[in-house]
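Examining the three-dimensional arrangement
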Amino acid sequence: GAVVSQHPSRVICKSGTSVKIECRSLDFQATTMFWYRQFPKQSLMLMATSNEGSKATYEQGVEKDKFLINHASLTLSTLTVTSAHPEDSSFYICSAGDRTPERWFFGPGTRLTVL
Amino acid sequence: KQEVTQIPAALSVPEGENLVLNCSFTDSAIYNLQWFRQDPGKGLTSLLLIQSSQREQTSGRLNASLDKSSGRSTLYIAASQPGDSATYLCAAQGAGTALIFGKGTTLSVSS
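We now turn to the structure provided with this report.

Thresholds applied
- Residues numbered from 1 in each chain as written.
- Chains lettered and ligands numbered in written order.
- Predicted model: local features only at pLDDT ≥ 70, side-chain atom pairs only at ≥ 80, totals over all residues.
- Heavy atoms only, no water.
- Pairing = 2+ DSSP bridges.
- Helix = DSSP H or I, 4+ residues; strand = E, 2+ residues; numbered from the N terminus.
- Axes fitted to C-alpha atoms, helices over the stretch in contact; angles between N-to-C directions.
- Disulfide = S-S within 2.5 Å.
- Buried < 20%, exposed > 50% of the residue type's maximum accessible area, 1.4 Å probe, protein only.
- 1 Å grid on protein atoms, 1.4 Å probe; cavity = no way out; pocket = protein on both sides within 12 Å on 5 of 7 lines; lining within 4 Å.
- Points joined across faces, edges and corners; volume = space filled by probe spheres on them.
- Nonpolar A, V, L, I, M, F, W, Y, C, P; charged D, E, K, R; others polar.
- Contact = heavy atoms within 4.5 Å.
- Buried area = accessible area lost by both parts, 1.4 Å probe.
- Salt bridge = Lys/Arg side-chain N within 4 Å of Asp/Glu carboxyl O.
- Polar contact = N/O pair within 3.5 Å; in protein donor to acceptor, adjacent residues only side chain to side chain.

Some thoughts on the sheet that holds strand β8 (residues 72–77) of chain B
Residues and elements named next belong to chain B. Read across the open sheet, the five strands follow the order β1-β3-β8-β7-β6; overall the sheet is antiparallel. Bordering the open sheet on either side are β1 (4–7) and β6 (56–59), each of which pairs with just one other strand. Direction aside, the axes of adjacent strands within the sheet are offset by 15° on average.

Structure (structure tokens):
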């Protein structure tokens, strides 16, 4: 199956700093990528839909100025958590789409810890 | 808006037992339904994907069924093993849209 990578796999930062997470489709072009976050013992919650070359679409309750998404190429989307706070500590997972057949593949996730 | 519910939230069984995990979804206009496994602190492992036109899929000791009309899917695990202990997530996908996940069933298989 198709491979999606994320970098970094784990990051610890101080409160107030910004953190960038990369999501790459390694062997296919992904016009669409999705970003999810997962709090401990909770399920994956969709944060936003990222379309190459256009603005991301955010789910209700997700601050677009705090979670900046850039999908500048068909193989890369980035999520930047700006001015991170401890409540932003979570597991962030991306998925990328191979539309033939239509199926979404998931990255391994990035664990963010904000001190 | 699609909502996915999984029952039970947690399940403990002795090794060798057959078990069924349940998933229900509110919008039957799905494109496909997937079952995933997630180990603690890890990412997702796709187990089975059922297209909307299919009724079931099988892989080894796993069998997943789909009943679109009733908005239900089940994951059947035969002859459970301690290595099956994990959280199992069900996710429904509409055409061209993201997967919507249930909260999962945490399975513990004791030896």
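Quick look at the state of the cysteines
Scanning the model with the defined rule gives two disulfides over all chains in all. For C23 of chain B, the disulfide goes to C90 of chain B, at an S-S distance of 1.9 Å. On the sign convention where negative is left-handed, the bridge of C23 of chain B and C90 of chain B, at about -55° about the S-S bond, is left-handed. Remark: C90 of chain B occurs in strand β9 (residues 86–93) and C23 of chain B occurs in strand β3 (residues 19–25); sequence separation between them is 67 residues. We classify C23 of chain B as buried; its relative accessible area is 3%. With relative accessibility at 0%, the residue C90 of chain B sits in the buried group. With no disulfide of its own, C13 of chain A has C94 of chain A as its nearest cysteine by sulfur position, at a separation of 19 Å. By relative accessible area, C13 of chain A is classed as buried at 9%.

A closer look at the layout of surface pockets
Put simply, the largest pocket is a space of about 550 Å³. Lining the largest pocket are 23 residues, with Q38, K41 and Q42 of chain A together with T87 and T106 of chain B positioned closest to its centre. If you list the elements that add at least two residues to the lining of the largest pocket, you get β1 and β9 of chain B. When grouped by side-chain class, the residues that make up the lining of the largest pocket number eight nonpolar, 10 polar and five charged. As a volume, the second largest pocket reaches approximately 460 Å³. Forming the boundary of the second largest pocket are 21 residues, of which L44, M45 and L46 of chain A together with K1 and I100 of chain B lie nearest the centre. The set of elements that each furnish at least two residues to the lining of the second largest pocket consists of β4 (32–38) and β5 (45–51) of chain A together with β10 (99–101) of chain B. Here the residues of the lining of the second largest pocket sort into 11 nonpolar, five polar and five charged.

Details of the interface of chain A and chain B
Taken together, the contact between chain A and chain B spans 15 residues of the former and 22 residues of the latter. Here chain A packs against chain B, burying approximately 1,500 Å² in sum over the two surfaces, 54% of which is carbon and sulfur. One can count zero salt bridges joining chain A with chain B. Our count for the contact surface shared by chain A and chain B stands at five residue pairs in polar contact (both at pLDDT 80 or more). Elements with a minimum of two residues in the side of chain A that touches chain B: β4, β9 (90–99) and β10 (102–106) of chain A. Counting residues per element, the side of chain A that touches chain B draws most heavily on β10 of chain A, at four residues. Here the side of chain A that touches chain B is built from residues that sort into nine nonpolar, two polar and four charged.

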